[in-house]
Amino acid sequence: MNSSRKTFLGLIVLLALAVSAFAGTGKIAGTVLDTNGDAVIGANLMVVESQRGVTVLDPNGNYAILGLDPGTYSLRVTSVGFGTQLIQGVDISTDRTTTINVILKEEAIQMGEVEIITKKKPHVVLDDPTKANVMSGKELQVMAGNQVAQIIAKQPGFKVDPDGGLHVRGGRDHEAKYLVDGQSKADAMYNSSKRLINTSALNVEEIEILTGGDASTGGYQSALIRVTTPEGKISQYNGTVEYRTDRLFSNYSFDQDQYDYAFSGPVPLVKSLFGLKENKFSFFTSGTAKLTNTYAAYNVRRESNDYLDFGVDLPERQSNDYTTFWKLTYKLDPTKKLNFSYTRDHALWDLYPDGEAAIDGNYGWQYNYNVENRPYSRNVRDAYNLQFQHNVSDKTFYELSLGRFETRTQIRPRGKNPDEFTPADEIEDARIRAGQSGGGDQNNNGI
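Residues numbered from 1 in each chain as written. Predicted model: local features only at pLDDT ≥ 70, side-chain atom pairs only at ≥ 80, totals over all residues. Heavy atoms only, no water.

### Here's the deal with the overall build of the chain
Along the chain, the regular secondary structure elements total four helices and 24 strands. If you take every contact in the chain between residues at least 6 apart in sequence, the share linking residues at least 24 apart comes to 65%. Surface exposure of the chain reaches about 23,600 Å², of which carbon and sulfur atoms provide 55%. (Helix = DSSP H or I, 4+ residues; strand = E, 2+ residues; numbered from the N terminus. Contact = heavy atoms within 4.5 Å. Areas by Shrake-Rupley, 256 points an atom, 1.4 Å probe, with all protein chains shown as cover.)

Okay, structure coming up:
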């Protein structure tokens with residue numbers, strides 16, 4: 001039996017100024033001018049979904065709105081004596097500045113009409129020297145597979161080896177760095193990417209894949225994979241339930257079933273329980289269960305059992321992956337926000353064809369047709385993340401982050417306990433009894 005336990009505790013305090021975007025968030029910047037090219041001093045810009053905004057005070061009409069989470073927003077621009085503009089489809093990405101230059105038209109009498117403008121996403125980001133691929137959660141959900149690992153494997157230069165390790169541009173499987181809400185998910189003890197990215201597209205607001213060099217982020221060689229998770233909305237509830245299988249119309253399948261869910265919205269009963277005038281708490285939760293056999297002797301049928309220790313018998317296949325994610329958001333005011341998230345990954349799989357850490361998948365090849373007794377691996381990962389964001393002003397923004405990541409791995413033969421193992425120096429076979437390897441009564445049983 002091989003077991004490991006690793007605990008990682010980190011505290012990061014970062015300060016970002018208007019000249020730079022903070023890791024994990026983006027910003028909107030640009031100018032507000034009139035039709036003559038003069039700055040509209042005093043113009044108000046408000047991000048509708050977050051109620052975060054600024055007033056133009058710069059003599060050249062420049063403005064910046066910091067600390068925006070990845071997503072799609074609407075920007076409202078108003079000023080006395082000018083018509084109102086509503087700019088829709090403003091995409092915010094991690095560590096990116098979205099430029100919105102506004103030209104307001106004068107109105108002698110404000111009629112209350114709103115000019116609606118839809119922003120189109122540029123095909124090429126001219127001010128970004130890195131080689132990055134940014135995909136939103138909505139884009140991921142319409143792609144085949146719905147699992148982030150499957151989608152990443154289809155990107156140019158990416159490959160998943162037979163043991164489940166992720167390779168980028170010919171690099172080793174530990175050279176890519178995987179971050180979720182700024183927290184590393186790497187198992188530093190084994191330094192491997194096997195079964196690392198076990199995330200559903202429903203649990204992604206945005207994913208950024210950076211294969212070029214970036215001096216602002218270290219600790220990786222071949223690629224940086226950065227995932228931002230969604231937040232629940234205070235105003236409404238949303239939910240999704242999905243089921244996938246590979247045997248609906250085919251008799252030749254791996255007996256694969258995948259269940260996904262995602263729910264979000266305001267935390268119920270907060271106002272009545274705590275006597276609050278306004279509910280400022282929202283939640284987001286998602287989960288995935290993927291059960292499948294492999295190409296190796298997949299006609300095995302195992303009895304349902306309580307391998308998750310939940311008191312409920314669940315079906316077991318040769319590969320069983322479960323993930324649950326919970327995120328609680330507390331918006332103290334338009335400039336302050338507190339997030340707490342928890343993730344648990346539980347995986348149970350046969351050591352052939354997939355391996356684990358230092359154990360190669362071929363270790364169990366001799367059990368190809370004896371699947372009932374094939375060695376297996378169990379891995380449980382828990383991640384806790386607490387973040388506080390504060391926009392001090394339209395030029396200063398900081399974030400505090402406290403995280404804990406814990407992983408436990410167990411590798412053992414199926415159907416045997418450690419006290420039932422036969423040590424190698426007690427094994428007697430015909431070769432030993434014939435005296436070819438020392439001979440004698442190896443186990444001292446008189447035979």
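Still more ground to cover, so stick around.
### Some thoughts on the nonpolar core
Ranked by internal contacts, the top residues of the largest apolar core, which has 21 residues, are I28, V32, L45, Y63, I65, L75 and I100. Of all the elements in the fold, those that place two or more residues in this core are β2 (26-34), β3 (44-47), β5 (62-68), β6 (71-78), β7 (84-92) and β9 (102-104). (Core = buried A, V, L, I, M, F, W, Y, C linked by side-chain atoms within 4.5 Å. Buried < 20%, exposed > 50% of the residue type's maximum accessible area, 1.4 Å probe, protein only.)

### Things to note about the sheet that holds β7
Backbone hydrogen bonds hold the strands of a sheet together, and the pairing may be parallel or antiparallel. The five strands are arranged β4-β3-β6-β7-β10 in an open sheet whose pairing can be described as mixed. Either end of the sheet is taken by a strand with one partner, and the two such strands are β4 (52-55) and β10 (114-118). Neighbour-to-neighbour, the strand axes of this sheet turn through a mean angle of 20 degrees, independent of strand direction. Strand direction decides the pairing type here: β7 and β10, joined by five bridges, are parallel. Opposite T84, over in β10, you have V114 as the bridge partner. (Pairing = 2+ DSSP bridges. Axes fitted to C-alpha atoms, helices over the stretch in contact; angles between N-to-C directions.)

### A word on the sheet that holds strand β17 (residues 223-228)
Read across the sheet, five strands follow the order β11-β16-β17-β14-β15 without closing on themselves; strand pairing throughout is mixed. With one partner strand each, in any of the chains shown, β11 (132-136) and β15 (183-184) form the two edges of the open sheet. Relative to β15, strand β14 (residues 176-180) runs antiparallel, the two sharing two bridges. Looking across to β15, one finds that L179 is bridged to S184.

### Overview of the pattern of salt bridges
Across all of its chains, the model carries 17 salt bridges by this definition. Its salt-bridge partner being R302, residue D350 comes within 3.1 Å of it at the nearest N-O pair. One end of the pair, D350, is in strand β22 (residues 336-350); the other, R302, is in the loop between β20 (281-292) and β21 (319-333), and 48 residues separate them in sequence. (Salt bridge = Lys/Arg side-chain N within 4 Å of Asp/Glu carboxyl O.)

### Examining the confidence of the model for the chain
Per-residue pLDDT for the chain averages 77, and the proportion of residues at 70 or more is 75%. Per-residue pLDDT stays below 50 along residues 1-23; that stretch engages in 70 contacts with residues further than four places along the chain or on separate chains. (pLDDT = per-residue confidence, 0-100.)

### Observations regarding the side chain of E406
Inspection of the secondary structure puts E406 in strand β24 (residues 396-412). Overall, E406 belongs to the buried group, its relative accessible area being 8%. Within the structure, the side chain of E406 is placed 3.1 Å from the side chain of R404, a separation counted as a polar contact. (Polar contact = N/O pair within 3.5 Å; in protein donor to acceptor, adjacent residues only side chain to side chain.)

### Considering a nonpolar patch on the surface
On the surface, L328, L338, F340, Y384, L386 and L402 cluster together to form a nonpolar patch covering roughly 450 Å² of accessible area. Looking at the nonpolar patch, the elements that each hand over two or more residues are β22 and β23 (376-391). Counting through the fold element by element, L402 comes out in strand β24. Of the residues examined, L402 reaches a relative accessible area of 39% and is grouped as partly exposed. (Patch = residues over 30% accessible without salt bridge, like charges linked within 9 Å, V, L, I, M, F, W, Y side chains within 5 Å.)

### With respect to the environment of K416
For K416, the location among the structural elements is in the loop between β24 and α4 (430-433). Remark: the alpha-carbon pair of K416 and P375, spanning 41 residues in sequence, is separated by 9.6 Å.

### Structural notes on the pairing of β17
In terms of burial, β17 is a largely internal element, six of the six residues being buried. Going residue by residue along β17, you find A223, I225 and V227 tucked away on one face and L224, R226 and T228 tucked away on the opposite face as well. Bridge count for β14 against β17 is five bridges, and the pairing is parallel. Residue pairing across strands places L179 opposite R226, the latter belonging to β17. Pairing between strand β16 (residues 206-210) and β17: five bridges, direction antiparallel. By the bridge assignment for β17, L210 is matched with L224.

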